[in-house]
Amino acid sequence: MPATLAAYPATRLRRLRRSAQIRSLAQENTLAVGDLIWPIFLRDGYDVAEPIASMPGVERLSIDRAVRAAEEAATLGIPALCLFPYTDADRRTETCEEAWSDENLVNRAIRAIKAEVPEIAIMTDIALDPYNANGHDGFVKDGIIVNDETVEALVKMALAQADAGADILGPSDMMDGRIGAMRAALETAGHQDVAILSYSAKYASAFYGPFRDAVGASGRLVGDKKTYQMNPANAEEALRLVERDLAEGADMVMVKPGMPYLDICRRVRDRFGVPTFAYQVSGEYAMLEGAIRNGWLDGDKVMVESLMAFKRAGCHGILTYFAPRVARLLAPSF
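Read on for a plain summary of the structure. Worth saying up front: this structure is predicted, and the values here are computed from it rather than measured.

So, on to the environment of Y203. Within the secondary structure, Y203 sits in the loop between strand 9 (195-202) and helix 6 (209-214). Linking Y203 and A158, residues 45 residues apart in sequence, is a C-alpha distance of 22 Å. Setting aside chain neighbours within four positions, we find Y203 in contact with Y208, Q229, M230, N231, P232, N234, A235, A238, K256, P257, Y261 and I264.

Printed below as a string of structure tokens:
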């Protein structure tokens, strides 16, 4: 049971705030470099760092530049990168076969990074939208996003990424049954050590717009994703989805977006006690970075404060585009 506080003035709660040293001793949560996963965007070419207008400070990187980013992450102590591709228009089809090609952009990047920076953990994204002519995470037939045929394709995508050397697979598609299908296929193929960090509670959010710019999906999406991503009004459903994914073989789970859904993060952590992550998504980043660049917010302070919110809500780690900047703040010798 919580302690009963003595009445004022025997209890003065400000005593524990009176100096930086005492505040540090009484601090309940800590943000560390080891909590960060750095999402980066890939594109074809050599020595390319292409700015993304709606995500100031973030660029699409050619594979050689991605290898340098991995070297930077390793130096800073960031444990993992998450890779997202910008797929050229001529490789986006309704059949999405580029998604599981051994030579697609992501799989080539995995091999290149692992060859040069083997200590970095590589997380990937599993969904068809970067490869789909109509921008959806699954196959579309007669205007319907079909589930089971999509799962078959996602399994092929997962195996190709595992073969390339991915450490963590991130299914973000929200199809039913995909975790169980992937886990069974990975076991059969000898990839029993590859972890699955499932986007278990992924909401049909308006905060994804800049990301769609970054991967070239803006303007391609026909309709919306509300038949497979979650209703923002629902919380109990998120717990059912997490429970299902864990039962099917997920090792870790994610809530996406992050800050608008901190209540979900807290409930997932309290209910299941498993490694729980949140994604500080592109719209969250763009809002903060836009205000920072306009001088309306103190950049260093709001970056740390926004990420500390995830730790306070129970997250073990956060995917954030601020990762290298925050890492330098937390380890200023770099």
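Below, the discussion takes up the pattern of salt bridges. All told, the structure shown has 26 salt bridges when counted by the stated rule. For D47, the salt bridge identified is with R65, shortest N-O distance 2.8 Å. One end of the pair, D47, is in the loop between strand 1 (36-42) and strand 2 (49-51); the other, R65, is in helix 2 (residues 63-76), and 18 residues separate them in sequence. Judged by relative accessible area, D47 falls into the partly exposed class, the value being 38%. We classify R65 as partly exposed; its relative accessible area is 27%. Linking K202 and D137 is a salt bridge whose minimum nitrogen-to-oxygen distance equals 3.8 Å. Linking K202 in strand 9 with D137 in the loop between strand 5 (121-126) and strand 6 (140-141), this pair joins segments that are 65 residues apart in sequence. Among the residues examined, K202 registers a relative accessible area of 6% and is labelled buried.

Moving on: the layout of surface pockets. Taken as a whole, the largest pocket holds about 310 Å³ of empty space. Forming the boundary of the largest pocket are 16 residues, of which W38, G57, V58, E59 and P324 lie nearest the centre. Those elements that provide at least two residues to the lining of the largest pocket are strand 1, strand 3 (59-61), helix 2 and helix 11 (323-330). Ranked by residues supplied to the lining of the largest pocket, first place goes to helix 2 with 4 residues. For the lining of the largest pocket, the residue count by class is 9 nonpolar, 1 polar and 6 charged.

Parameters at a glance
For every chain, the first residue of the written sequence is number 1, and numbering continues from 1 along that sequence. Since the coordinates come from a predicted model, pLDDT governs what is reported: local features require at least 70, and pairs of side-chain atoms require 80 or more to be given and counted, while whole-chain, interface and lining totals use all residues. Heavy atoms from the whole structure form the basis of all side-chain values; hydrogens and water molecules are not counted. The way it works is that DSSP assigns letters per residue, a run of H or I at least four long becomes a helix, a run of E at least two long becomes a strand, and they are numbered from the N terminus. Two residues qualify as a contact provided that any one of their heavy atoms is within 4.5 Å of a heavy atom in the partner residue. The salt bridge criterion pairs a side-chain nitrogen of Lys or Arg with a carboxyl oxygen of Asp or Glu, the two atoms within 4 Å. Under the scheme applied here, a residue whose accessible area is under 20% of the maximum for its type counts as buried, over 50% as exposed, and between as partly exposed, the area being computed with a 1.4 Å probe on protein chains only. Cavity and pocket criteria rest on a 1 Å grid covering protein atoms alone: a 1.4 Å probe that fits but cannot get out defines a cavity, protein on both sides within 12 Å along at least 5 of 7 lines defines an open pocket, and an atom within 4 Å of a point defines a lining residue. Grid points are joined across faces, edges and corners, and a volume is the space filled by probe spheres set on the points. Following the grouping adopted for this structure description, the nonpolar residues are Ala, Val, Leu, Ile, Met, Phe, Trp, Tyr, Cys and Pro, the charged ones are Asp, Glu, Lys and Arg, and the polar ones are all others, Gly among them.

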